[in-house]
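# Structural overview for review
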Amino acid sequence: MNTVKNSVINPVITAESLTMHFRRCDALRGVDLSIEPGTVFALLGENGAGKTTLIRILTGYQKPSSGSCRVCDLDPTRDPLGVRRQIGYVSDSPALYDWMTVSQIGGFTASFYDDAFRNHFNDSIVKYEIRPDQKIRSLSKGQRAKVALSLAVAHDPALLIMDEPTSGLDPKVRRSFLESMIDRAATGRTVFLASHQISEVERVADTVGIMHQGRICFVAPLSELRESFSEVVIDVEDPLRTMPPLPSPAVVLSEETEGRQRELIVRHLKPEMIAAIRETPGVIDIRHRVATLEEVFIACTSGSLSTDTAEATA
Ligand SMILES: Nc1ncnc2c1ncn2[C@@H]1O[C@H](COP(=O)(O)OP(=O)(O)OP(=O)(O)O)[C@@H](O)[C@H]1O
(Lines give C-alpha, C1' and ligand atoms only; values in the text may rest on other atoms or scores of the structure.)
Protein backbone atom coordinates (compact mmCIF):
# COMPACT_ATOMS: atom_id res chain seq x y z
CA MET A 1 0.00 0.00 0.00
CA ASN A 2 2.86 2.31 0.90
CA THR A 3 4.50 1.76 -2.46
CA VAL A 4 1.45 3.02 -4.31
CA LYS A 5 1.16 6.01 -1.99
CA ASN A 6 4.83 6.96 -2.37
CA SER A 7 4.74 6.68 -6.14
CA VAL A 8 2.19 9.52 -6.39
CA ILE A 9 4.00 12.62 -7.61
CA ASN A 10 2.38 15.87 -6.52
CA PRO A 11 2.15 18.78 -8.93
CA VAL A 12 4.94 21.25 -8.23
CA ILE A 13 2.55 24.21 -8.64
CA THR A 14 -1.19 24.29 -8.04
CA ALA A 15 -3.50 27.28 -8.05
CA GLU A 16 -7.21 27.24 -7.32
CA SER A 17 -9.54 30.14 -8.06
CA LEU A 18 -6.85 32.74 -7.46
CA THR A 19 -8.07 36.32 -7.66
CA MET A 20 -6.18 39.57 -7.19
CA HIS A 21 -8.10 42.83 -6.91
CA PHE A 22 -6.15 46.05 -7.04
CA ARG A 23 -7.86 49.38 -6.44
CA ARG A 24 -8.42 50.07 -10.08
CA CYS A 25 -8.36 46.64 -11.67
CA ASP A 26 -8.87 42.92 -11.26
CA ALA A 27 -5.46 41.54 -12.21
CA LEU A 28 -6.49 37.89 -11.64
CA ARG A 29 -10.07 36.71 -12.05
CA GLY A 30 -9.96 33.08 -10.96
CA VAL A 31 -6.79 31.30 -12.01
CA ASP A 32 -6.67 27.50 -11.86
CA LEU A 33 -3.43 25.77 -12.68
CA SER A 34 -1.58 22.52 -12.07
CA ILE A 35 2.00 21.93 -13.22
CA GLU A 36 3.69 18.55 -13.02
CA PRO A 37 7.38 18.13 -12.11
CA GLY A 38 9.77 17.86 -15.06
CA THR A 39 7.79 20.31 -17.17
CA VAL A 40 8.89 23.42 -19.02
CA PHE A 41 5.71 25.45 -18.65
CA ALA A 42 5.40 28.69 -20.61
CA LEU A 43 2.81 31.30 -19.74
CA LEU A 44 1.96 33.53 -22.68
CA GLY A 45 -0.16 36.64 -22.31
CA GLU A 46 -0.53 40.15 -23.66
CA ASN A 47 0.68 43.17 -21.69
CA GLY A 48 -1.32 43.50 -18.48
CA ALA A 49 -2.79 39.97 -18.70
CA GLY A 50 -1.73 39.20 -15.11
CA LYS A 51 1.41 37.09 -15.60
CA THR A 52 3.65 39.03 -13.19
CA THR A 53 0.87 39.23 -10.61
CA LEU A 54 0.46 35.44 -10.72
CA ILE A 55 4.23 34.95 -10.40
CA ARG A 56 4.41 37.37 -7.45
CA ILE A 57 1.69 35.38 -5.68
CA LEU A 58 3.38 32.03 -6.40
CA THR A 59 6.70 33.35 -5.08
CA GLY A 60 5.12 34.80 -1.92
CA TYR A 61 5.71 38.47 -2.73
CA GLN A 62 1.99 39.20 -3.01
CA LYS A 63 -0.99 37.81 -1.12
CA PRO A 64 -3.97 36.99 -3.34
CA SER A 65 -7.39 38.53 -2.65
CA SER A 66 -8.90 35.03 -2.63
CA GLY A 67 -8.16 31.49 -3.71
CA SER A 68 -5.24 29.26 -2.81
CA CYS A 69 -1.99 27.97 -4.22
CA ARG A 70 0.85 25.60 -3.36
CA VAL A 71 4.41 25.69 -4.62
CA CYS A 72 6.79 22.80 -3.88
CA ASP A 73 4.25 21.53 -1.32
CA LEU A 74 4.30 24.86 0.56
CA ASP A 75 1.76 27.66 0.79
CA PRO A 76 3.45 30.88 -0.42
CA THR A 77 0.98 33.04 1.52
CA ARG A 78 1.95 31.37 4.82
CA ASP A 79 5.58 30.46 4.19
CA PRO A 80 6.99 32.84 1.56
CA LEU A 81 10.60 32.40 2.72
CA GLY A 82 10.26 28.61 2.69
CA VAL A 83 9.03 28.77 -0.91
CA ARG A 84 11.80 31.16 -1.95
CA ARG A 85 14.46 28.87 -0.44
CA GLN A 86 13.13 25.96 -2.55
CA ILE A 87 12.85 27.77 -5.86
CA GLY A 88 14.96 29.91 -8.17
CA TYR A 89 13.29 33.15 -9.21
CA VAL A 90 14.22 35.71 -11.84
CA SER A 91 11.92 38.72 -11.86
CA ASP A 92 11.29 40.92 -14.90
CA SER A 93 13.43 43.62 -13.27
CA PRO A 94 15.98 41.86 -11.05
CA ALA A 95 16.86 43.90 -7.96
CA LEU A 96 20.61 43.52 -7.44
CA TYR A 97 22.70 45.50 -4.96
CA ASP A 98 24.38 48.00 -7.28
CA TRP A 99 27.27 48.79 -4.95
CA MET A 100 28.43 45.15 -4.72
CA THR A 101 30.76 43.42 -7.14
CA VAL A 102 29.59 40.30 -8.99
CA SER A 103 31.69 38.16 -6.68
CA GLN A 104 30.32 39.87 -3.56
CA ILE A 105 26.70 39.37 -4.59
CA GLY A 106 27.50 35.69 -5.23
CA GLY A 107 29.07 35.40 -1.75
CA PHE A 108 26.19 37.24 -0.11
CA THR A 109 23.52 35.05 -1.73
CA ALA A 110 25.58 31.90 -1.06
CA SER A 111 25.18 32.51 2.69
CA PHE A 112 21.51 31.47 2.36
CA TYR A 113 22.33 28.15 0.69
CA ASP A 114 24.71 25.19 0.97
CA ASP A 115 28.43 25.15 0.06
CA ALA A 116 27.90 24.11 -3.56
CA PHE A 117 26.18 27.42 -4.37
CA ARG A 118 29.42 29.45 -4.55
CA ASN A 119 31.10 27.06 -7.00
CA HIS A 120 28.05 26.82 -9.25
CA PHE A 121 27.71 30.60 -9.27
CA ASN A 122 31.40 31.11 -10.11
CA ASP A 123 31.22 28.55 -12.95
CA SER A 124 28.16 30.25 -14.37
CA ILE A 125 29.79 33.71 -14.26
CA VAL A 126 32.86 32.35 -16.08
CA LYS A 127 30.60 30.73 -18.69
CA TYR A 128 28.85 34.07 -19.26
CA GLU A 129 32.24 35.84 -19.52
CA ILE A 130 31.53 38.27 -16.67
CA ARG A 131 34.43 39.59 -14.53
CA PRO A 132 33.89 38.76 -10.84
CA ASP A 133 35.41 42.09 -9.71
CA GLN A 134 33.02 44.19 -11.80
CA LYS A 135 30.54 46.38 -9.90
CA ILE A 136 26.88 45.50 -10.48
CA ARG A 137 26.17 49.15 -11.35
CA SER A 138 28.61 48.99 -14.27
CA LEU A 139 26.99 45.93 -15.90
CA SER A 140 25.01 46.17 -19.12
CA LYS A 141 21.34 45.07 -19.12
CA GLY A 142 22.24 41.68 -20.60
CA GLN A 143 25.09 41.16 -18.12
CA ARG A 144 22.73 41.95 -15.23
CA ALA A 145 20.30 39.36 -16.63
CA LYS A 146 23.13 36.81 -16.71
CA VAL A 147 24.06 37.53 -13.07
CA ALA A 148 20.41 37.26 -12.02
CA LEU A 149 20.10 33.92 -13.82
CA SER A 150 23.34 32.64 -12.28
CA LEU A 151 22.06 33.55 -8.80
CA ALA A 152 18.71 31.87 -9.48
CA VAL A 153 20.10 28.51 -10.58
CA ALA A 154 23.25 28.18 -8.41
CA HIS A 155 21.43 26.22 -5.69
CA ASP A 156 20.04 23.90 -8.37
CA PRO A 157 16.37 24.51 -7.49
CA ALA A 158 13.65 21.95 -8.14
CA LEU A 159 11.57 24.79 -9.60
CA LEU A 160 12.79 27.80 -11.54
CA ILE A 161 10.30 30.64 -12.04
CA MET A 162 11.21 33.36 -14.51
CA ASP A 163 9.43 36.46 -15.73
CA GLU A 164 10.64 37.38 -19.23
CA PRO A 165 14.02 35.73 -18.57
CA THR A 166 15.64 36.33 -21.94
CA SER A 167 14.96 40.03 -22.43
CA GLY A 168 18.35 41.68 -22.78
CA LEU A 169 20.19 38.49 -23.72
CA ASP A 170 21.87 38.33 -27.12
CA PRO A 171 20.71 35.56 -29.50
CA LYS A 172 23.68 33.27 -28.80
CA VAL A 173 23.28 33.40 -25.01
CA ARG A 174 19.50 33.22 -25.35
CA ARG A 175 19.77 29.99 -27.33
CA SER A 176 22.14 28.28 -24.91
CA PHE A 177 20.07 29.47 -21.97
CA LEU A 178 16.89 28.02 -23.48
CA GLU A 179 18.63 24.73 -24.20
CA SER A 180 19.75 24.57 -20.58
CA MET A 181 16.06 24.85 -19.57
CA ILE A 182 15.27 21.73 -21.59
CA ASP A 183 18.19 19.96 -19.87
CA ARG A 184 16.82 20.96 -16.46
CA ALA A 185 13.39 19.50 -17.25
CA ALA A 186 15.00 16.28 -18.52
CA THR A 187 16.40 15.73 -15.01
CA GLY A 188 12.98 16.15 -13.38
CA ARG A 189 13.28 19.82 -12.44
CA THR A 190 10.50 22.20 -13.40
CA VAL A 191 10.72 25.48 -15.26
CA PHE A 192 7.95 28.10 -15.28
CA LEU A 193 8.50 31.03 -17.56
CA ALA A 194 6.35 33.97 -18.54
CA SER A 195 7.14 35.25 -21.99
CA HIS A 196 6.01 37.26 -24.99
CA GLN A 197 8.43 35.44 -27.28
CA ILE A 198 6.30 32.89 -29.10
CA SER A 199 9.19 31.45 -31.12
CA GLU A 200 11.13 30.87 -27.90
CA VAL A 201 8.17 29.21 -26.24
CA GLU A 202 7.75 26.92 -29.26
CA ARG A 203 11.37 25.92 -28.97
CA VAL A 204 11.47 24.99 -25.27
CA ALA A 205 8.04 24.57 -23.71
CA ASP A 206 6.32 21.24 -23.37
CA THR A 207 3.18 22.81 -21.88
CA VAL A 208 1.73 26.20 -22.76
CA GLY A 209 -0.79 28.37 -20.91
CA ILE A 210 -2.39 31.40 -22.49
CA MET A 211 -3.49 34.16 -20.14
CA HIS A 212 -6.03 36.80 -21.07
CA GLN A 213 -7.51 39.49 -18.85
CA GLY A 214 -6.66 37.75 -15.58
CA ARG A 215 -7.69 34.23 -16.59
CA ILE A 216 -5.79 31.31 -18.00
CA CYS A 217 -8.02 30.59 -20.95
CA PHE A 218 -6.06 27.68 -22.34
CA VAL A 219 -3.53 25.13 -21.04
CA ALA A 220 -2.25 22.20 -23.08
CA PRO A 221 0.87 20.30 -24.02
CA LEU A 222 2.50 21.97 -27.02
CA SER A 223 2.15 18.73 -29.02
CA GLU A 224 -1.61 18.68 -28.39
CA LEU A 225 -1.89 22.34 -29.23
CA ARG A 226 -0.15 21.73 -32.54
CA GLU A 227 -2.62 18.98 -33.42
CA SER A 228 -5.87 20.42 -32.15
CA PHE A 229 -6.10 23.92 -33.64
CA SER A 230 -6.82 24.65 -37.29
CA GLU A 231 -7.02 27.73 -39.40
CA VAL A 232 -9.97 27.43 -41.77
CA VAL A 233 -10.56 29.73 -44.74
CA ILE A 234 -13.98 29.57 -46.40
CA ASP A 235 -14.75 31.34 -49.70
CA VAL A 236 -18.43 32.28 -49.76
CA GLU A 237 -20.72 33.73 -52.43
CA ASP A 238 -22.48 36.13 -50.05
CA PRO A 239 -20.54 37.33 -46.97
CA LEU A 240 -23.78 38.51 -45.30
CA ARG A 241 -25.30 35.06 -45.33
CA THR A 242 -24.95 33.29 -41.97
CA MET A 243 -23.51 29.80 -41.84
CA PRO A 244 -24.67 26.99 -39.58
CA PRO A 245 -22.53 26.71 -36.41
CA LEU A 246 -19.91 23.97 -36.25
CA PRO A 247 -21.11 20.99 -34.22
CA SER A 248 -19.52 19.81 -30.97
CA PRO A 249 -16.67 19.15 -30.16
CA ALA A 250 -15.49 22.02 -32.39
CA VAL A 251 -14.85 25.33 -30.63
CA VAL A 252 -14.49 28.48 -32.72
CA LEU A 253 -11.94 30.77 -31.05
CA SER A 254 -12.11 33.58 -33.56
CA GLU A 255 -13.88 34.42 -36.78
CA GLU A 256 -13.13 37.22 -39.22
CA THR A 257 -14.73 38.11 -42.52
CA GLU A 258 -12.81 39.94 -45.21
CA GLY A 259 -14.63 40.39 -48.48
CA ARG A 260 -15.90 36.97 -49.48
CA GLN A 261 -13.47 35.14 -47.23
CA ARG A 262 -14.16 33.89 -43.74
CA GLU A 263 -11.18 32.98 -41.57
CA LEU A 264 -11.71 30.91 -38.45
CA ILE A 265 -9.42 29.51 -35.77
CA VAL A 266 -11.08 26.29 -34.65
CA ARG A 267 -10.21 23.73 -32.01
CA HIS A 268 -11.11 20.06 -32.59
CA LEU A 269 -11.99 20.40 -36.26
CA LYS A 270 -12.97 17.01 -37.73
CA PRO A 271 -12.76 15.87 -41.39
CA GLU A 272 -16.54 15.34 -41.52
CA MET A 273 -17.06 19.00 -40.54
CA ILE A 274 -14.95 20.11 -43.50
CA ALA A 275 -17.03 17.90 -45.77
CA ALA A 276 -20.27 19.33 -44.33
CA ILE A 277 -19.09 22.94 -44.80
CA ARG A 278 -18.09 22.17 -48.40
CA GLU A 279 -21.67 20.98 -49.07
CA THR A 280 -23.25 24.09 -47.46
CA PRO A 281 -25.14 26.22 -50.02
CA GLY A 282 -23.21 29.39 -50.85
CA VAL A 283 -19.79 27.91 -50.04
CA ILE A 284 -17.39 28.08 -53.00
CA ASP A 285 -14.28 26.58 -51.45
CA ILE A 286 -12.74 25.64 -48.08
CA ARG A 287 -9.08 25.29 -47.11
CA HIS A 288 -7.63 24.35 -43.75
CA ARG A 289 -4.27 23.83 -42.12
CA VAL A 290 -2.78 23.44 -38.65
CA ALA A 291 -2.82 26.83 -36.85
CA THR A 292 0.43 28.30 -35.55
CA LEU A 293 0.91 29.06 -31.83
CA GLU A 294 0.90 32.75 -32.75
CA GLU A 295 -2.51 32.40 -34.43
CA VAL A 296 -3.90 30.53 -31.42
CA PHE A 297 -2.45 33.18 -29.09
CA ILE A 298 -3.99 36.04 -31.08
CA ALA A 299 -7.34 34.23 -31.28
CA CYS A 300 -7.37 33.62 -27.51
CA THR A 301 -6.38 37.18 -26.64
CA SER A 302 -8.20 39.16 -29.32
CA GLY A 303 -11.09 39.96 -27.02
CA SER A 304 -13.54 38.12 -29.25
CA LEU A 305 -13.29 35.12 -26.94
CA SER A 306 -16.35 35.07 -24.70
CA THR A 307 -16.13 33.88 -21.09
CA ASP A 308 -18.02 30.73 -22.00
CA THR A 309 -15.66 29.91 -24.82
CA ALA A 310 -12.67 30.67 -22.61
CA GLU A 311 -13.86 28.18 -20.03
CA ALA A 312 -14.65 25.61 -22.68
CA THR A 313 -11.09 25.72 -24.00
CA ALA A 314 -9.40 25.56 -20.59
N1 LIG B 1 0.60 46.91 -7.47
C2 LIG B 1 -0.37 47.14 -8.35
N3 LIG B 1 -1.33 48.05 -8.11
C4 LIG B 1 -2.34 48.27 -8.97
N5 LIG B 1 -2.47 47.62 -10.15
C6 LIG B 1 -1.54 46.69 -10.46
C7 LIG B 1 -0.44 46.41 -9.59
N8 LIG B 1 0.31 45.43 -10.16
C9 LIG B 1 -0.26 45.14 -11.34
N10 LIG B 1 -1.37 45.90 -11.52
C11 LIG B 1 -2.28 45.83 -12.67
O12 LIG B 1 -2.66 44.48 -12.83
C13 LIG B 1 -2.76 44.14 -14.22
C14 LIG B 1 -1.87 42.95 -14.51
O15 LIG B 1 -0.51 43.38 -14.40
P16 LIG B 1 0.71 42.36 -14.58
O17 LIG B 1 1.96 43.11 -14.30
O18 LIG B 1 0.43 41.15 -13.76
O19 LIG B 1 0.60 41.99 -16.13
P20 LIG B 1 1.62 41.21 -17.08
O21 LIG B 1 0.84 40.15 -17.76
O22 LIG B 1 2.81 40.77 -16.30
O23 LIG B 1 2.02 42.35 -18.10
P24 LIG B 1 3.38 42.59 -18.95
O25 LIG B 1 3.44 41.54 -19.99
O26 LIG B 1 3.15 43.95 -19.53
O27 LIG B 1 4.53 42.55 -17.98
C28 LIG B 1 -2.38 45.41 -14.99
O29 LIG B 1 -3.58 46.07 -15.38
C30 LIG B 1 -1.61 46.24 -13.97
O31 LIG B 1 -1.79 47.62 -14.22
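Rules behind the numbers
Numbering of residues begins from 1 in every chain and follows the order in which that chain's sequence is written. Where local features are concerned, this predicted model is filtered to residues with pLDDT of at least 70; where side-chain atom pairs are given and counted, the filter is 80 or more; whole-chain, interface and lining totals use all residues. Nearness between a residue and a molecule or strand is assessed with a C-beta atom placed from the backbone; a distance within 6 Å qualifies. Working definition: helices are DSSP H or I runs of at least four residues, strands are E runs of at least two. Numbering for both runs from the N terminus. When residues are sorted by character, Ala, Val, Leu, Ile, Met, Phe, Trp, Tyr, Cys and Pro go into the nonpolar class, Asp, Glu, Lys and Arg into the charged class, and all the rest, Gly among them, into the polar class. The rule for pairing is simple: two strands pair if DSSP sees at least two bridges between them. In this analysis, axes come from line fits to C-alpha atoms, helices being fitted only over the stretch in contact, and the angle between any two N-to-C directions falls in the range 0 to 180 degrees. Placing C-beta atoms from the backbone, we regard two residues as in contact once those atoms come within 7 Å. Any set of buried Ala, Val, Leu, Ile, Met, Phe, Trp, Tyr and Cys residues joined through C-beta atoms within 7 Å is what this text calls a nonpolar core. Around each residue's C-beta, the other C-beta atoms within 10 Å are counted; 20 or more make the residue buried, 12 or fewer make it exposed, and counts in between make it partly exposed. All C-beta atoms are placed from the backbone. What counts as a domain boundary in this text is fixed by an automatic or database domain assignment.

### Observations regarding the site of the ligand
Looking at the ligand, the residues that line it are Phe22, Cys25, Ala27, Gly45, Asn47, Gly48, Ala49, Gly50, Lys51, Thr52 and Thr53. Counting residues per element, the shell around the ligand draws most heavily on helix H2 (residues 51–58), which supplies three residues. Split into classes, the residues belonging to the shell around the ligand amount to four nonpolar, six polar and one charged.

### Comments concerning the sheet that holds strand E13 (residues 283–290)
Taken in spatial order, the four strands line up as E11-E12-E10-E13 in an open sheet, and their pairing is antiparallel. At either margin of the open sheet sits one strand with a lone partner, and together these are strand E11 (251–258) and E13. Looking at each pair of strands side by side, their axes are set apart by 15 degrees on average, direction ignored. Where E11 and strand E12 (residues 261–267) come together, seven bridges link them in antiparallel fashion. Following the sheet pairing, Ser254 is matched in E12 by Ile265. Contacting strand E10 (229–236) and E13, helix H10 (residues 271–279) crosses the sheet at an angle of about 160 degrees to E13.

### Remarks on the environment of Leu169
With respect to the element layout, Leu169 can be found in the loop between strand E6 (159–163) and helix H7 (171–186). Taking the C-alpha atoms as reference, Leu169 lies 23 Å from Thr207; in sequence the two are 38 residues apart. What Leu169 contacts, discounting residues up to four positions off in sequence, is Gly142, Ala145, Arg174 and Phe177.

### Overview of the nonpolar core
One finds Ala42, Ile161 and Val296 to be the most contacted residues of the largest nonpolar core, which totals 77 residues. The leading source of residues in this core is helix H6 (residues 141–153), at seven residues. Here this core spans two domains, and each of domain 1 (11–213) and domain 2 (228–313) adds at least three residues to it. If sequence neighbours within four positions are ignored, Val296 has contacts with Leu225, Phe229, Ile265 and Ala291.

### So, the domain arrangement of the chain
Here the chain is described as being made up of domain 1 (11–213) and domain 2 (228–313). On a C-alpha basis, the centroid separation for the pair domain 1 and domain 2 is 37 Å. Contact residues are listed per partner, giving seven residues for domain 1 and six residues for domain 2. Contributions of two or more residues to the side of domain 1 that touches domain 2 are made by helix H8 (198–204) and strand E8 (207–212). Looking at which element gives the most residues to the side of domain 1 that touches domain 2, the answer is H8, with three residues. Split by residue class, the side of domain 1 that touches domain 2 holds four nonpolar, one polar and two charged.

### Section: H2
One full turn of an α-helix is made of 3.6 residues, so residues set three or four places apart face in the same direction. With six of its eight residues buried, H2 lies for the most part within the structure. Considered for burial, the residues of H2 that qualify are Lys51, Thr53, Leu54, Ile55, Ile57 and Leu58.

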